[in-house]
Amino acid sequence: MHHTAKRLGVGTLLSIAGCTGTGTAPGEPLLADLELVAEPDAALVPAVVSVPLGLWFSPMALEIGDFNGDSLSDFVVVGVAPASGVDAAVFLGDGTGQFSAPIDAGFDACTAFPVVGRLDGDGRTDLVALGCANDLAVYVGQPDGTLAPWSAWPAIAYTPVSSTVIGDFEGDGDADVVTMRRPGSAFLDVAVGNGGHGIWRVDTTEIGDPAWSGFHPGGLAMGHFDDDALLDAALIEREHDVVIMPGVLPATFGTPRELGVDVPPWSNRVEDLDGDGFDDMVISSTTTPSVQVLMADGDGGFEAQPPLAVVGFSPYDTAVGDITGDGVPDVAMVDADVAQIRWWRGTGDGSLVNLRVFNLPAPAIRIHAGHFDGDEREDLVVATFDDDSVTLVLTNN
């Protein structure tokens, strides 16, 4: 997601030298005294800043987007408060790597792990999470950065939901909602969008009974893995395998096919790594610390790159983005137990090279790539919740 934003001042570079800023209010970045562990290329010395949270709830999830529609990147933190249940706070970005104080988003759901995307066509980022009545809680962004229930979303029963993705299934410009649920057998539901005015219908595909197939899907990603312009589904069973299901008109999916990946998968990120118009996959493993890249061949198949071992680090979450500004996606990871970011430069052919390592103030469970300071490089935003902060790595230098 690219945004127009202001350029960051050079003074932020002092954070690498151990200089500390004076701001400590929630949302105001604090230049972090963070150690550079592995020497990067001379042309890339990120500025690492800490954004204090100061929340009224325990944070559990971090997502990014443009929640007020000003074309600048924001982030939302979702968590749980003992008295009120699930809560969310939006931090509005100003395009220079700084953020507003937390805004009560007015969000209510039965899970603190939403997905984000644009549903109603107003240019603002929206949230979808599991509701409390066997349904989905669908909230749309407002001009002030808060969220409001989308009145156009119908009362559809979903039981029980494992994963949800917002995407444009058939390429008509309207956002659709793809949900995986497992009431016994596993199913994929596509809620076909109607130009931001609601949905036309829900089409359902049965994945199969896990007791029959031996595959128990828990995670869902979507991508263009072949040349038919329809979104395809990538299902993941952690520690087991990844399954591909091609998109089929009008809004269903074809026969599942296991890929037989070489690493026990924990997370799966989808991105076009070589610029051929087909999405590839980055599979990370936390039990056998490693990462494997699967390059799409355009016919629905994949060429598996050799797994890359990760020493002294168990990847928990992965982000893919152009961190170095060369037009080629790179890969960054965090560990839930090790207070570090590790990232590799992408070469454009599926290879990952030049490992860089930076210390964080705390271990992290979530990492995203996005534009926060107005340059051509994507930055990294990291959920360092044990430090009561979000850490921003500005790769503008």
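See the structure shown above.
Residues numbered from 1 in each chain as written. Predicted model: local features only at pLDDT ≥ 70, side-chain atom pairs only at ≥ 80, totals over all residues. Heavy atoms only, no water.

### What to know about the overall build of the chain
Move 1: In terms of helices and strands, the chain carries one helix and 32 strands.
Move 2: The buried share of the chain, taken over its 397 residues, is 56%.
Move 3: Pairs at least 24 apart in sequence give 46% of the contacts found in the chain among residues at least 6 apart. (Helix = DSSP H or I, 4+ residues; strand = E, 2+ residues; numbered from the N terminus. Buried < 20%, exposed > 50% of the residue type's maximum accessible area, 1.4 Å probe, protein only. Contact = heavy atoms within 4.5 Å.)

### Here we look at the sheet that holds strand 15 (residues 219-223)
Move 1: If you walk across this open sheet you meet the four strands as 15-16-17-20, and the pairing is antiparallel. Strand pairing shows two members of the sheet lacking a second neighbour, strand 15 and strand 20 (257-258), which therefore form its edges.
Move 2: As paired elements, strand 15 and strand 16 (residues 232-237) share five bridges and run antiparallel to each other. Its bridge partner being in strand 16, A221 is matched across the sheet by A234. (Pairing = 2+ DSSP bridges.)

### Describing the packing of aromatic side chains
One pair of aromatic rings is described through two measures. These are the centre distance and the angle between the planes.
Move 1: All chains considered together, the criterion is met by 10 aromatic pairs.
Move 2: What links up through ring pairs into an aromatic cluster is the set F75, F91, F99 and F372.
Move 3: Directly above the ring of F187 sits R181, whose terminal nitrogen or CZ lies 4.9 Å from the centroid.
Move 4: Sitting over the ring of W266, R238 keeps its end group 3.7 Å from the ring centre. (Phe/Tyr/Trp six-rings, centres within 6.5 Å; stacked < 30°, edge-to-face > 60°. Lys NZ or Arg CZ within 6 Å of the ring centre and 35° of its normal.)

### Examining the state of the cysteines
Move 1: Taken as a whole and assessed by the stated rule, the structure comprises one disulfide.
Move 2: Paired by a disulfide, C110 and C132 hold their sulfur atoms 1.8 Å apart. Disulfide C110-C132: the torsion about the S-S bond is 115 degrees, which places it as right-handed. With a gap of 22 residues between them, C110 in the loop between strand 6 (103-104) and strand 7 (115-117) and C132 in the loop between strand 8 (126-130) and strand 9 (136-141) connect regions that are remote in the sequence.
Move 3: When its relative accessible area of 55% is taken as the criterion, C132 is described as exposed. (Disulfide = S-S within 2.5 Å.)

### Focus on unusual backbone geometry
Move 1: In this chain, L249 is followed by P250 through a cis amide linkage whose omega measures 5 degrees.
Move 2: Despite not being glycine, E239 has its phi angle at roughly 70 degrees, a positive value.
Move 3: Mapped onto the elements of the fold, E239 is located in the loop between strand 16 and strand 17 (241-245).

### Overview of a negative patch on the surface
Move 1: Taken together, the side chains of D227, D228, D297, D299 and E303 make up a negatively charged region of the molecular surface.
Move 2: Checked against the element boundaries, E303 lands in strand 24 (residues 302-304).
Move 3: Overall, E303 belongs to the exposed group, its relative accessible area being 52%. (Patch = residues over 30% accessible without salt bridge, like charges linked within 9 Å, V, L, I, M, F, W, Y side chains within 5 Å. Areas by Shrake-Rupley, 256 points an atom, 1.4 Å probe, with all protein chains shown as cover. Salt bridge = Lys/Arg side-chain N within 4 Å of Asp/Glu carboxyl O. Lys, Arg positive; Asp, Glu negative; His and termini not counted. Charge placed at Lys NZ, Arg CZ, Asp CG, Glu CD.)

### Brief notes about the side chain of S50
Move 1: In this fold, S50 is placed in strand 2 (residues 47-52).
Move 2: A residue is classified by how much of its surface remains accessible, and S50, at 8% relative accessible area, is buried.
Move 3: Polar contacts involving the side chain of S50 include one to the side chain of S389, which spans 3.5 Å. (Polar contact = N/O pair within 3.5 Å; in protein donor to acceptor, adjacent residues only side chain to side chain.)

### Re the environment of V263
Move 1: With respect to the helices and strands, the residue V263 is situated in the loop between strand 20 and strand 21 (267-271).
Move 2: Between the alpha carbons of V263 and V291 there is a distance of 7.4 Å; along the sequence they are 28 residues apart.

### Quick look at the nonpolar core
Move 1: By size, the foremost hydrophobic cluster in this structure holds 21 residues, and its most contacted members are L53, L62, F75, V77, F91 and V390.
Move 2: Secondary-structure elements contributing two or more residues to this core are strand 2, strand 3 (58-65), strand 4 (74-81), strand 5 (85-91) and strand 32 (389-394).
Move 3: With 20 residues, the next largest nonpolar core counts F169, V178, V190 and L230 among its residues. (Core = buried A, V, L, I, M, F, W, Y, C linked by side-chain atoms within 4.5 Å.)

### With respect to the pairing of strand 4
Regular strands have side chains that alternate between both faces of the sheet.
Move 1: Within strand 4, seven of the eight residues are buried, leaving the element largely enclosed by the surrounding structure.
Move 2: As paired strands, strand 3 and strand 4 are joined by seven bridges and run antiparallel to one another. Bridged to L62 within strand 4 is V77.
Move 3: Summarising the sheet, strand 4 and strand 5 pair through seven bridges and their orientation is antiparallel. By the bridge assignment for strand 5, G79 is matched with D87.
Move 4: Counting the residues that bridge the hairpin from strand 4 to strand 5 gives three residues.

### What about the environment of S284?
Move 1: Here S284 lies in strand 22 (residues 280-285).
Move 2: Separated by 26 residues in the primary sequence, S284 and V310 place their C-alpha atoms 9.7 Å from one another.
Move 3: Setting aside anything within four residues of it in sequence, one finds S284 in contact with P264, P265, W266, S267, S290, V291, P315, T318 and M333.

### Some details on the environment of D272
Move 1: Inspection of the secondary structure puts D272 in the loop between strand 21 and strand 22.
Move 2: With relative accessibility at 17%, the residue D272 sits in the buried group.
Move 3: In contact with D272, not counting residues within four places along its chain, are G277, F278, D279, D280 and P329.
Move 4: Side-chain polar atoms of D272 contact the backbone nitrogen of D276, separated by 3.4 Å.

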